[in-house]
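Coordinate inspection notes
Each chain, letter by letter, is given below.
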Amino acid sequence: MISSEDMVRAALNAATNAGADVPIGAVVFAPDGTVLAEACNARETLGDPTAHAEILALRAAAAKYGDGWRLDGCTLAVTLEPCTMCAGALVLARVSRLVFGAWEPKTGAVASLWDVVRDRRLNHRPEVEGGVLAQECADLLERFFRTQR
C-alpha cells in the first residue's frame, strides 16, 4: 500500500502545475492505491472561486469511480489543511481518509480553526492524518508568497 508520505509527495507534484495560483495540490487515491485524479488550485486560471485543488480532484475522481459521487474507500491527499468548503465536500463525497501536509491556522477546517470533518452532527467522518511532510508543503507556499510581495 502507498504510504502517507508518498501520497503527499504526489500532491506536492500536482501543486507544481498551479502557475499563477496558490500552489496547492490534491490527489484522490482509489482503495487499491491507484491515482483516480489529481489537481492543483485553479481559481485564477478558471476565474472560479470554487476551483480549489481538492474540489477539482474530487469532481474528477467521482466521474471515474463508484456511483458518480461517492468516494467510499478512497483517500484524498492534499498539501494544505482543507478550508471549510473543501472539508465539507470531502465529507459529502464520503471520502474515507484525508491525508494533508501543512496546517492552515487562518482557514483550516480540519482542526486548526474548525473541525468540519469530525463534527459528530454530520453523517460521515473520515479518518484524518495531518502534518505529513508539513515543512515541505509549507516551504512551497512560503516561496510562492515571497514572490508575491
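All values derive from a computational prediction rather than experimental measurement. (Residues numbered from 1 in each chain as written. Predicted model: local features only at pLDDT ≥ 70, side-chain atom pairs only at ≥ 80, totals over all residues. Heavy atoms only, no water.)

With that settled, the discussion passes to the nonpolar core. Side chains of a nonpolar character, in soluble globular proteins, are inclined to be buried together. In terms of nonpolar packing, the biggest core is built from 49 residues, with I24, V28, L71, L76, L90, V95 and L98 touching the most fellow members. Looking at this core, the elements that each hand over two or more residues are helix 1 (4-15), strand 1 (25-29), strand 2 (35-40), helix 3 (53-64), strand 3 (75-80), helix 4 (84-92), strand 4 (97-102) and helix 5 (134-148). Setting aside anything within four residues of it in sequence, one finds L71 in contact with L58, A61, A62, Y65, A93, R94, V95 and S96. (Core = buried A, V, L, I, M, F, W, Y, C linked by side-chain atoms within 4.5 Å. Buried < 20%, exposed > 50% of the residue type's maximum accessible area, 1.4 Å probe, protein only. Helix = DSSP H or I, 4+ residues; strand = E, 2+ residues; numbered from the N terminus. Contact = heavy atoms within 4.5 Å.)

Let us now look at the pattern of salt bridges. Summed over the entire model, instances satisfying the criterion amount to six salt bridges. One salt bridge connects D119 with R121, and the closest N-O pair in it is separated by 2.5 Å. On the basis of relative accessibility, which here comes to 18%, the residue D119 falls in the buried class. Shared partners join several salt bridges into a network, and the residues in it are R97, E127 and E129. (Salt bridge = Lys/Arg side-chain N within 4 Å of Asp/Glu carboxyl O.)

The UniProt entry lists E54 under the feature "active site" (unreviewed entry), expressed in the numbering used here. Note that E54 resides in helix 3. Among all residues touching E54, those that are not within four sequence positions of it are A26, L76, V78, L80, P82 and C86. (UniProt positions renumbered as here; feature names shortened; annotations may be inferred.)

Positive phi, normally seen in glycine, also occurs at R94, with a value near 65°. Note on placement: R94 falls in the loop between helix 4 and strand 4. A positive phi angle, close to 55°, is found at L133, a residue other than glycine. In this structure, L133 sits in the loop between strand 5 (127-129) and helix 5.

Under the counting rule described, the total for this entry stands at two aromatic pairs. Here F100 and W103 contribute two aromatic rings whose centre-to-centre distance is 4.8 Å and whose plane-to-plane angle is 85°, an arrangement assigned as edge-to-face. Overall, F100 belongs to the buried group, its relative accessible area being 0%. Judged by centre distance (5.1 Å) and plane angle (80°), the rings of F144 and F145 are edge-to-face. For F145, a relative accessible area of 33% corresponds to the partly exposed category. (Phe/Tyr/Trp six-rings, centres within 6.5 Å; stacked < 30°, edge-to-face > 60°.)

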